[in-house]
Amino acid sequence: MTALTSIRDLTVTYRRDGTAVAALKNIGLDVVTGERLAVIGESGSGKSTLALAIAGLLPAASRIDGRIEWPGLGRAPLGGRDIGFVFQDPSASLDPVMPIGKQIAEVARTHLGLTWPQAYAKAKNLLERVRLPDPDSALLAFPHQLSGGQKQRVAIAAAIAAGPKLLIADEATSALDTIVQAEIVALIRRLVAEDGMTLLFISHDIALAAELAERIAVFRHGQLVELGATARIVDAPAQPYTRALLDAHIGLDAEPLLNRSGLAT
Amino acid sequence: MSLLAVSNLTKRYRRGGKSIAAVDDVSFHIDPGETLALAGPSGSGKSTIARLVLRLVEPDAGRIEFEGDDFLALRAAALRARRARLQMVFQDPLAAFNPRATVARVLDDPLRIHGIASRSERPRRIAALLERVGLAAELASRAIHEISGGQRQRVAIARAVATKPTLIVLDEAVSALDVSVRGQILELLLDLQRQERIAYLFISHDLGVVRAVAHRVILLDAGQIAESGDARAVIDAPRSAIGKALVAAAPRLHGTRR
Ligand SMILES: Nc1ncnc2c1ncn2[C@@H]1O[C@H](COP(=O)(O)OP(=O)(O)OP(=O)(O)O)[C@@H](O)[C@H]1O
Ligand SMILES: Nc1ncnc2c1ncn2[C@@H]1O[C@H](COP(=O)(O)OP(=O)(O)OP(=O)(O)O)[C@@H](O)[C@H]1O
Ligand SMILES: [Mg+2]
Ligand SMILES: [Mg+2]
């Protein structure tokens, strides 16, 4: 098991109105080649910052200390080619004035050296793989003509278009219904199993993270509080914070919050 | 009398040379103080219904009655006045606000525009609104981009309740929040509902959340109502094919699929 990427003593500091905010503090973490690793933790805990740091996409005004190495690659990664990134906000990944077929084809053309017709055929195939209904008409659609979940699937298609070594999905399925979510999970599993892809999956949905990932990393206040095999984290968390996160999950068997007697209907 | 009564609502869109019925002959009602959830697969028409109810888009056919009036017939001034009573909170509050505006400014606007409080009274109202949604008063002077996602969603709710609405449309309003903040915001919404009898049209993919907060649920499929009823009854034992598929596909924390 080699590490695709090896993170050592990573500290990331943002500057805000002249003050420095440490968003990540002394993180040490290996992302193993071919694994599915989930990152969970409360809002503001540093999950997106970690993802951006790995992808080399942090804003210029941030300060990065520590090392991010790529033993599994043997060289520095090329953004877009080696790393596919699905951003937390799907509209952030999509150009509002370009038909979506062209946006996906462009990724395939640039990084895989395909001709435009080949790249369009690839784009259509990708839209089928993310289960977008009616891919022919979707190729010609603009982002505003798609529903929230449809946009999110387009963003996933664009992120995997170049066959990346590492797929980073930051809250990439929060706008998807459970059926499409399950299909995307199956697609990601196939990409990992068949194409040797590695997955870094960030989600507020702990049940979904548990279903998809082999290991889970728990973040809080910019620190890695716990890392382990999914079953161990879910069934026997070592940290009280992890326990609290699990308890806050509202599952299908949760006690209703609604006090029915208090409401007249 | 229903607070909101929607009958035979239809909205078609053209896309890539084809016409699709995003919403196809949908009827439902919401009572005062009630939470009606809309769930269903991606593209089934949930957000389109939200936009139609808010009159952000106009239907091709159908009727919407709000507080007893023909809502689609309201024009300009009458519509503006009525909008104070029909508010919305969407998934991404950052997209709904000017990120450089301060929290105080975001809350001042509705109070001023709808003439709810005089200039001298407004700072006190804003402080009270922040307190209602559990935010510290000193947050008022911060810019929207300087607060966290969960805090922003609270500001969006404070803005929505500022005008004393009878109905709030929430489209995936808690989907992007972490579990602890999500729980707090759901509790807040239920408190407001108990105190002021606000009704919610609650759109969410999260069936666990729908089951926990909604009185009734409508499951949509391809623009049509596939199934509706008591939220717990429907989600615990769905009858429609789409309901069964949605529930079966929901992830379980301990892998115990029923
Ligand atoms: N561009 C930025 N400038 C200044 N501070 C930032 C910036 N981006 C993030 N932060 C701060 O860094 C911390 C970590 O943010 P990050 O976005 O990594 O959290 P997260 O775990 O992804 O949260 P969420 O679940 O809400 O997406 C937060 O306190 C946040 O306010
Ligand atoms: N402006 C538009 N132009 C063309 N088609 C549109 C437009 N808005 C929505 N649609 C289409 O109408 C259908 C319903 O979309 P809507 O946004 O209501 O779905 P939704 O149920 O909210 O889905 P999601 O769960 O993914 O947000 C989709 O097929 C969508 O592509
Ligand atoms: Mg984030
Ligand atoms: Mg929608």
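The structure displayed is predicted, hence computed values, not measured ones.

Peer 1: Quick question: what am I supposed to make of the sheet that holds strand 1 (residues 4–15) of chain B here?
Peer 2: Backbone-to-backbone hydrogen bonds pair the strands of a sheet. The strands run either parallel or antiparallel. What the four strands build is an open sheet, ordered 2-1-4-5 (chain B); its pairing is antiparallel. Of all strands in the sheet, those bounded by a partner on one side alone are strand 2 (18–30) and strand 5 (69–70) of chain B.

Peer 1: When you look at the interface of chain B and chain A in this model, what are you seeing that I'm missing?
Peer 2: The figure often quoted for interface size is the accessible area lost as the parts come together. Each partner contributes to the interface: chain B provides 55 residues, whereas chain A provides 50 residues. Summing both sides of the interface, chain B and chain A together bury roughly 4,300 Å²; the carbon and sulfur share of this comes to 57%. At the surface where chain B touches chain A, the tally comes to one salt bridge. Here A:Asp134 makes a salt bridge to B:Lys18, at a shortest N to O gap of 2.9 Å. Inspection of the region where chain B meets chain A yields eight residue pairs in polar contact (both at pLDDT 80 or more). Every element with two or more residues in the side of chain B that touches chain A is listed here: strand 1, helix 6 (149–162), helix 7 (179–196), helix 8 (207–213), helix 9 (231–236) and helix 10 (241–249) of chain B. For the side of chain B that touches chain A, the element with the most residues is helix 7 of chain B, which contributes eight residues. Taken together, the residues of the side of chain B that touches chain A break down into 21 nonpolar, 15 polar and 19 charged.

Peer 1: Mind showing me how you'd approach the site of ligand 1 here?
Peer 2: Residue and element names in this part refer to chain A. What surrounds ligand 1 is a group of 13 residues, the closest being Ser 43, Gly 44, Lys 47, Ser 48 and Thr 49. Measuring from an oxygen atom of ligand 1, one finds a backbone N or O atom of Gly 44 at 2.8 Å. Within the contact set of ligand 1, an oxygen atom lies 3.2 Å away from a backbone nitrogen or oxygen of Ser 45. Taking 640 Å² as the accessible area of ligand 1 by itself, protein coverage stands at 71%.

Peer 1: It is not clear to me how the packing of helix 4 (residues 103–113) of chain B against helix 5 (residues 122–132) of chain B should be interpreted in this structure. Could you clarify?
Peer 2: When two helices pack together, their arrangement is given by the angle between the helix axes and the distance between those axes. Residues and elements named next belong to chain B. Close contact between helix 4 and helix 5 brings their axes to 10 Å; oriented N to C, the two are set at 115 degrees. When the axis of helix 4 is compared with that of helix 5, the two are roughly perpendicular. For helix 4 against helix 5, the interelement crossing comes out right-handed. Facing helix 4, whose interface residues are Val 103, Ala 104, Leu 107, Asp 108, Leu 111 and Arg 112, helix 5 presents Arg 122, Arg 125, Ile 126, Leu 129 and Leu 130. By residue class, the composition of the contact of helix 4 with helix 5 is seven nonpolar, no polar and four charged.

Rules behind the numbers
Residues numbered from 1 in each chain as written. Chains lettered and ligands numbered in written order. Predicted model: local features only at pLDDT ≥ 70, side-chain atom pairs only at ≥ 80, totals over all residues. Heavy atoms only, no water. Pairing = 2+ DSSP bridges. Helix = DSSP H or I, 4+ residues; strand = E, 2+ residues; numbered from the N terminus. Contact = heavy atoms within 4.5 Å. Buried area = accessible area lost by both parts, 1.4 Å probe. Salt bridge = Lys/Arg side-chain N within 4 Å of Asp/Glu carboxyl O. Polar contact = N/O pair within 3.5 Å; in protein donor to acceptor, adjacent residues only side chain to side chain. Nonpolar A, V, L, I, M, F, W, Y, C, P; charged D, E, K, R; others polar. Near = heavy atom within 4 Å. Areas by Shrake-Rupley, 256 points an atom, 1.4 Å probe, with all protein chains shown as cover. Axes fitted to C-alpha atoms, helices over the stretch in contact; angles between N-to-C directions. Parallel < 35°, antiparallel > 145°, perpendicular 65-115°, else oblique. Left-handed = near helix turned anticlockwise from the far one by under 90°.

Note that all results are geometric; they support no functional claim without further evidence.
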